Amino acid sequence: PRLAVLISGTGRNLQAILEACADGRIPATPSLVLSNRPDVAGLQRAADFGVAHATVDHRAYPDREHFDQALGDALEAAQPDIIALAGFMRILTPGFIRRFKGRMFNIHPSLLPLYRGLHTHRQALENGDTWHGASIHYVTEELDAGAVIKQGRIRIQADDDEASLARRLMENVELALYPEVLSWAASGRLQWRDGIAVLDDQPL
Ligand SMILES: N[C@@H]1O[C@H](COP(=O)(O)O)[C@@H](O)[C@H]1O
């Protein structure tokens, strides 16, 4: 299968995904990396792996609909079977989501359904939570509300601040979580059935 990845910045999740494709843990071919921001570190990571990459700059479009149309056309041209949003920070329109629904995943840095949207680390700290985590879910029209496939968690430490919590979550959870789920999707073990995530024929 062909895998496309959408990014907006640093690309640490992208790096973990491309490494897992390169060593066979994800049985898929990365066919395109798309960014909505030019000159971000993630694009250089794609270049280092020899993966096709491009920018569709959201600032060049009059509104979300026109941007999403262009983004969707660029994505479709790469004929991806699987699409991974990895630190992609644009809210996508329903029209775009319907175009790719059932084969599009996102990583969100919270234990969904807790803390949809932004500032998840800050909210977990402000609420005095014991646990914090990340979730891989299918992308649907409602933000961060698609079927959750897998989560990983860490215990919040007394001396944690937003930066340390984000770093520990990335290192201890996110970088392993996404390659595992994408290996399920690429091997055909994971399927989308009418809004439900199904692994090895068992609803999750
Ligand atoms: N959606 C969130 O944005 C961050 C992106 O980091 P990177 O993968 O671009 O380094 C990650 O923490 C991801 O969960």
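The protein chain carries the name Phosphoribosylglycinamide formyltransferase in an unreviewed UniProt entry, which gives Oceanococcus atlanticus as its organism. The Function (unreviewed entry) comment attached to the protein chain in UniProt states, word for word, "Catalyzes the transfer of a formyl group from 10-formyltetrahydrofolate to 5-phospho-ribosyl-glycinamide (GAR), producing 5-phospho-ribosyl-N-formylglycinamide (FGAR) and tetrahydrofolate."

Chemist: Help me understand helix α1 (residues 12-22) in this model?
Modeler: Quick reminder: α-helices carry 3.6 residues per turn. Residues three or four places apart thus point the same way. Within α1, burial applies to N13, L14, A16, I17, L18, A20 and C21. In this structure, the buried residues of α1 make contact with β1 (2-7), β2 (29-35), α2 (41-48), β4 (82-85), β5 (104-108) and α6 (162-186). Where α1 terminates, the next one or two residues include G24, which has phi positive at roughly 90 degrees.

Chemist: Just to check I follow, could you spell out the pairing of strand β9 (residues 196-199) for this structure?
Modeler: It is a general feature of regular strands that their side chains alternate between the two faces of the sheet. Inspection of the sheet shows strand β8 (residues 190-193) paired to β9 by four bridges, in the antiparallel sense. When the sheet's bridge partners are listed, R193 is paired in β9 with I196. Where β8 hands over to β9, the hairpin turn is made up of two residues, of which D194 adopts a positive phi near 50 degrees. Between the end of β9 and the start of strand β10 (residues 202-203), which pair antiparallel, lie two residues, with D200 showing a positive phi angle near 50 degrees.

Chemist: Would you mind going over unusual backbone geometry with me for this structure?
Modeler: The omega angle of the peptide bond from L112 to P113 is 10 degrees, so this bond is cis rather than trans. Along the chain, P113 falls in the loop between β5 and α5 (120-126). The phi dihedral of Y115 falls on the positive side, at around 55 degrees, and the residue is not glycine. With respect to the secondary-structure elements, Y115 resides in the loop between β5 and α5. Among the residues examined, Y115 registers a relative accessible area of 12% and is labelled buried. Located in the positive-phi region is D201, a residue other than glycine, with phi close to 65 degrees. Looking at the secondary structure, you find D201 in the loop between β9 and β10.

Chemist: Would you take a moment to explain the site of the ligand for this structure?
Modeler: The environment of the ligand is formed by T10, G11, R12, N13, G87, I107, P109, M170 and E174. One nitrogen or oxygen atom from the main chain of G11 is found 2.9 Å from an oxygen atom belonging to the ligand. Separating an oxygen atom of the ligand from a side-chain N or O atom of E174 is a distance of 2.7 Å. Isolated, the ligand exposes 370 Å² of accessible area, and the fraction of that covered by the protein chains is 86%.

Chemist: What is the right way to look at the environment of D81 in this model?
Modeler: By the element assignment, D81 lies in the loop between α3 (64-77) and β4. Among all residues touching D81, those that are not within four sequence positions of it are P1, R2 and R103. A distance of 2.6 Å separates a polar side-chain atom of D81 from the backbone nitrogen of R2.

Chemist: Just checking my understanding: could you explain the pattern of salt bridges for this structure?
Modeler: A side chain with one charge can pair with a side chain of the opposite charge if their charged atoms come near. Considering all chains together, one arrives at 13 salt bridges under this definition. R59 is the partner of D57 in a salt bridge, and the nearest nitrogen-oxygen pair spans 2.8 Å. Each of the salt bridges in this network shares a partner with another, and the network as a whole consists of D73, E76 and R99.

Chemist: Can you help me understand the nonpolar core in this one?
Modeler: In summary, soluble globular proteins display a tendency toward joint burial of nonpolar side chains. Formed by 42 residues in total, the largest nonpolar core has its most connected members in V5, I17, F105, I149, Y178 and L190. No other element matches α6, which puts ten residues into this core. With 19 residues, the next largest nonpolar core counts L34, L75, F100 and M104 among its residues.

Conventions adopted
- Residues numbered from 1 in each chain as written.
- Predicted model: local features only at pLDDT ≥ 70, side-chain atom pairs only at ≥ 80, totals over all residues.
- Heavy atoms only, no water.
- UniProt positions renumbered as here; feature names shortened; annotations may be inferred.
- Buried < 20%, exposed > 50% of the residue type's maximum accessible area, 1.4 Å probe, protein only.
- Helix = DSSP H or I, 4+ residues; strand = E, 2+ residues; numbered from the N terminus.
- Contact = heavy atoms within 4.5 Å.
- Pairing = 2+ DSSP bridges.
- Near = heavy atom within 4 Å.
- Polar contact = N/O pair within 3.5 Å; in protein donor to acceptor, adjacent residues only side chain to side chain.
- Areas by Shrake-Rupley, 256 points an atom, 1.4 Å probe, with all protein chains shown as cover.
- Salt bridge = Lys/Arg side-chain N within 4 Å of Asp/Glu carboxyl O.
- Core = buried A, V, L, I, M, F, W, Y, C linked by side-chain atoms within 4.5 Å.

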